[in-house]
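This is what each chain is made of:
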Amino acid sequence: MLTSKPRRGGAAKPARLGDGRRDDGGGATAVLWGTDAEPAAGPAAADAAKTLNIALLQGFVASLLMLAGSVGVGWLAGSSALIRNPLFILARTSPAGVITATVMLCFGALLLVRSWLRLAQRIGQWDSSAHPILIKALLLWGLPLALALPLFSRDVYAYIGQGRLMVQGLNPYTNGISALNNYYSLGPDTLWTEAPTPYGPLFLWIEQFAVWVGFGVPELSIIPFRLVALAGVALCAIFIPKLAAVHGINPQRALWLMVLNPVLLLNFIASAHNDSLMLGLVVAGVYCASTRKPWLAIVLVTASIAVKPITLIALPFVGLLWAGSKAGWGRKVWCWLLTALVSFGLLWICGLANGLGFGWIGALNTPGKLWIWYAPVGTTGAVLGWLADQIGVSGDIVTNVVHLIGKALSVAVVVWLAVRRVDGPAYGAVVVRRMAWAFAAVVLLAPMIQPWYMLWLLAFFAVTGIEATWQLRTVLCLTTFFTLIALTDQLSVFQWIPIAIVRGVAIAVGVSFALHMIFIDRKTKGVFGRPTALLWPPAAKDAAAEGSGAPGSAQGAAAQRSGTQSSAAQRSVAQRFRWLRR
């Protein structure tokens, strides 16, 4: 184990790590969260195991509440026959029904966040025995969301509209959904009805297939998209732990941090976003690249690009993994060229098959035409555009220039991360870590940041190590923040019910629960202030204390051996983390 020994009844004594970092009580696990084994189990661990099911049950109840809430505020197509169902009429046509559904939805979503935290506290030992528990949690928490109406987004109805464009022989790269007759009854967001699709050829075929098997019924067409989203989650659940293990990171912690993250459950399962399949494929591809299967890696990453082209970012880093740690510039360039030729060759074949060529390249700018207040570039562009309007200069031009600068900077950062020299023993971890920063640059420098964009970078940060200090705290805070954003952003409410009141209720319930969880709830408030509480649950602390007996005892001998192993492992991880930071 890599942690400092905790003092009985208190936090671990602060120590200095080998690379000059301060151990704030989590020991070397505060450097790379999840690289070490937990303390030996003691009697208290058995008590913790008995209460583990409470966290699982709470998460299941939370998902059931959201399933019930979706009846009142989940998204339905205007042509849906469910609108005439008595239950849906009761839940959706009266203010009382809508507000009740909103309260259930918001309370359930924040309860899911709390259950996620409590599960980590109650796991006890993060060894292979934790894996079936985490998979059980994924099934219990995900199944009700898979049965709910689409929540927090109506993108799935845009997918159906784009599938109808394909069925009718129209080019979705040049036509918006508005080209369809009676398109409004399909239920898409009006922001996307005039926009070309930004998706790749593989997802266009999935959209076309979903419309075929749905026989024109929106609710039936949603089912294939949900299944595709679940397939993406399954890929993440399989390959996130595998990729973490390759880089010496605890696979169970990576699974909890990424795949059980409420932001993933809400946006990949409840919303059925195609980012789920995109991310699952690219993670699988990076795993293959990390385990010396470059051709399969290129195929998987190309399939991800063919879902959503943003994962073009991964290609140069796959080439670096293929080249290997001892490669010179000649081999690197050769691997980059081969990677690009194979990938674009496969995409060219797809373009020939559907007759649309590389039309998706021209549509890549579609999401960039929007902005949101919590995106730094988006807010900067909006403010400067407003100021320009005040002095008689075109605000639209100024805003577009700001957005263009952000895009150019993100491209420059990606190129710099890809071509910068990689040194050190942890070559593969450095490359994957840099890819995480590349995704982070593209997201942070974009004018529009959707809540699920967080998952693009979290996946690769999780598998290369996250500090159990400000880094883990940032993940916890962002998870809570983006859960709140999802709750208050898109709710399906009829026009005669004041949306401002409904949104006010959502904000009040969500923010109140979040503040209680962060500042009042004695079970969770310490986690946000000191994330190492997730590493040392009470049972583990007690067990470690019991195992630190006299040197002559069996427990003392075990502790002494563990301490000897700890110092060596601590030096190794601290050294490797320095390379990750380069």
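K.L.:
Explain the overall build of the protein chain to me, please; I cannot follow it from the model alone.
P.N.:
A tally of regular secondary structure across the protein chain gives 23 helices and 2 strands. Expressed as a percentage of the 582 residues in the protein chain, the buried residues total 57%. In the form shown here, the protein chain has an accessible surface area of approximately 23,300 Å², with 67% of it arising from carbon and sulfur atoms.

K.L.:
I keep staring at helix H15 (residues 376-390) and nothing clicks. Help me out?
P.N.:
With 15 residues, H15 should reach 21 Å at 1.5 Å per residue; the first-to-last C-alpha distance of 21 Å fits that figure. Residues of H15 that are buried in the fold lie against helix H16 (395-419) and helix H17 (427-444). Once H15 finishes, Gly392 follows within two positions and takes phi at roughly 85°, a positive value.

K.L.:
It is not clear to me how the side chain of Lys332 should be interpreted in this structure. Could you clarify?
P.N.:
Among the structural elements, Lys332 can be located in helix H13 (residues 329-354). Once residues lying within four places of it in the same chain are set aside, the contact partners of Lys332 are Leu320, Ala323 and Ala327.

K.L.:
Where do I start with the packing of helix H8 (residues 251-259) against helix H18 (residues 453-462) in this structure?
P.N.:
The angle between the axes and the distance between the axes are what describe a pair of packed helices. The interhelical angle for the contact between H8 and H18, taken along N-to-C directions, is 170°, at an axis separation of 9 Å. Judged on the interaxial angle alone, H18 and H8 are roughly antiparallel. Contact with H8, carried on its side by Ala254, Leu257 and Met258, involves Leu455, Leu458, Ala459 and Ala462 of H18 and no other residues of that element. Counted by class, the contact of H8 with H18 contains 7 nonpolar, no polar and no charged residues.

K.L.:
Even after reading the chapter, I still don't get the environment of Ala148, so can you show me in this structure?
P.N.:
Tracing the backbone shows Ala148 in the loop between helix H4 (130-147) and helix H5 (155-167). Residue Ala148 is classed as buried on the basis of its relative accessible area of 5%. Here the alpha-carbon distance between Ala148 and Ile269, two residues 121 residues apart in the chain, equals 9.2 Å.

K.L.:
For this particular structure, what's the right way to read the confidence of the model for the protein chain?
P.N.:
In low-pLDDT segments, the atomic positions of the prediction should not be examined closely. Looking at the protein chain as a whole, its pLDDT mean stands at 83, while 81% of the residues score no less than 70. Of the regions scoring below 50 in pLDDT, residues 1-31 engages in 82 contacts with residues more than four places distant in sequence or in other chains. Counting contacts from residues 536-582, a segment whose pLDDT is below 50, to residues more than four positions away or on other chains yields 80 contacts.

K.L.:
Help me understand the pattern of salt bridges, please; the structure alone is not making it clear to me.
P.N.:
Opposite charge on two side chains permits them to pair, given that their charged atoms come into close proximity. With the rule as written, the count across this model stands at 2 salt bridges. Across the salt bridge formed by Arg114 and Asp521, the nearest N and O atoms sit 2.6 Å from each other. Pair noted here: Arg114 is in helix H3 (residues 95-122) and Asp521 is in the loop between helix H20 (499-520) and helix H21 (525-529), with a separation of 407 residues, a long-range link. For the residue pair Arg114 and Asp521, the accessibility class agrees, reading buried in each case. For Lys308, the salt bridge is made with Asp275, and the minimal N-O distance between the two is 3.0 Å.

K.L.:
Any chance you could explain the nonpolar core here in plain terms?
P.N.:
Soluble globular proteins: nonpolar side chains tend toward being buried together. Leu119, Trp256, Met258, Leu279 and Phe460 are the most contacted members of the largest nonpolar core, which has 158 residues in total. Not counting residues up to four positions away in its chain, the partners in contact with Phe460 are Leu243, Leu279, Val282, Val283, Val286, Val432, Met435, Ala436 and Phe439.

K.L.:
Mind showing me how you'd approach unusual backbone geometry here?
P.N.:
A negative phi holds for most residues other than glycine; trans holds for most peptide bonds. One non-glycine residue, Phe152, lies in the positive phi region at around 70°. Secondary-structure assignment places Phe152 in the loop between H4 and H5.

K.L.:
Sorry, what's going on with the packing of aromatic side chains here?
P.N.:
Aromatic ring pairs are described here by two measures, namely the spacing of the ring centres and the angle between the planes. Across all of its chains, the model carries 23 aromatic pairs by this definition. With 5.5 Å between their ring centres and 50° between their planes, Phe239 and Tyr287 make a pair best called tilted. Of this pair, Phe239 sits in helix H7 (residues 218-246) while Tyr287 sits in helix H10 (residues 275-290), and the two are 48 residues apart along the sequence. For Tyr287, a relative accessible area of 16% translates into the label buried.

K.L.:
For this particular structure, what's the right way to read the environment of Ile160?
P.N.:
Tracing the chain through its elements places Ile160 in helix H5. Distance in space between the C-alpha atoms of Ile160 and Ala210 is 7.3 Å, their sequence separation being 50 residues. Setting aside its immediate chain neighbours within four residues, Ile160 contacts Val211, Pro218, Ser221, Ile222 and Phe225.

K.L.:
Is there a simple way to explain a nonpolar patch on the surface in this structure?
P.N.:
Taken together, the side chains of Trp329, Val333, Trp334, Leu337, Leu341, Val411, Val415 and Val419 present a nonpolar region at the surface, about 790 Å² in accessible area. Elements represented by at least two residues in the nonpolar patch include exactly H13 and H16. Sort the elements by how many residues they give to the nonpolar patch and H13 lands first, with 5 residues.

K.L.:
Any chance you could explain H18 here in plain terms?
P.N.:
Because an α-helix packs 3.6 residues into every turn, residues spaced three or four apart end up facing the same way. Burial analysis of H18 places 10 of its 10 residues in the buried class, which makes it a mostly covered element. Of all the residues in H18, the buried ones are Tyr453, Met454, Leu455, Trp456, Leu457, Leu458, Ala459, Phe460, Phe461 and Ala462. As for H18, its buried residues are in contact with H7, H8, helix H9 (262-270), H10, H17 and helix H19 (470-489).

K.L.:
How should the side chain of Thr102 be read in this particular structure?
P.N.:
Within the secondary structure, Thr102 sits in helix H3. Aside from chain neighbours lying at most four places away, what touches Thr102 is Val73, Leu491, Val502, Val505 and Ala506.

K.L.:
How do you make sense of the environment of Ala446 when you look at a structure like this?
P.N.:
Relative to the helices and strands, Ala446 resides in the loop between H17 and H18. For the pair Ala446 and Ser410, spaced 36 residues apart in sequence, the C-alpha to C-alpha distance is 8.2 Å.

Procedures and definitions
Residues numbered from 1 in each chain as written. Predicted model: local features only at pLDDT ≥ 70, side-chain atom pairs only at ≥ 80, totals over all residues. Heavy atoms only, no water. Helix = DSSP H or I, 4+ residues; strand = E, 2+ residues; numbered from the N terminus. Buried < 20%, exposed > 50% of the residue type's maximum accessible area, 1.4 Å probe, protein only. Areas by Shrake-Rupley, 256 points an atom, 1.4 Å probe, with all protein chains shown as cover. Expected span 1.5 Å × (residues − 1). Contact = heavy atoms within 4.5 Å. Axes fitted to C-alpha atoms, helices over the stretch in contact; angles between N-to-C directions. Parallel < 35°, antiparallel > 145°, perpendicular 65-115°, else oblique. Nonpolar A, V, L, I, M, F, W, Y, C, P; charged D, E, K, R; others polar. pLDDT = per-residue confidence, 0-100. Salt bridge = Lys/Arg side-chain N within 4 Å of Asp/Glu carboxyl O. Core = buried A, V, L, I, M, F, W, Y, C linked by side-chain atoms within 4.5 Å. Phe/Tyr/Trp six-rings, centres within 6.5 Å; stacked < 30°, edge-to-face > 60°. Patch = residues over 30% accessible without salt bridge, like charges linked within 9 Å, V, L, I, M, F, W, Y side chains within 5 Å.

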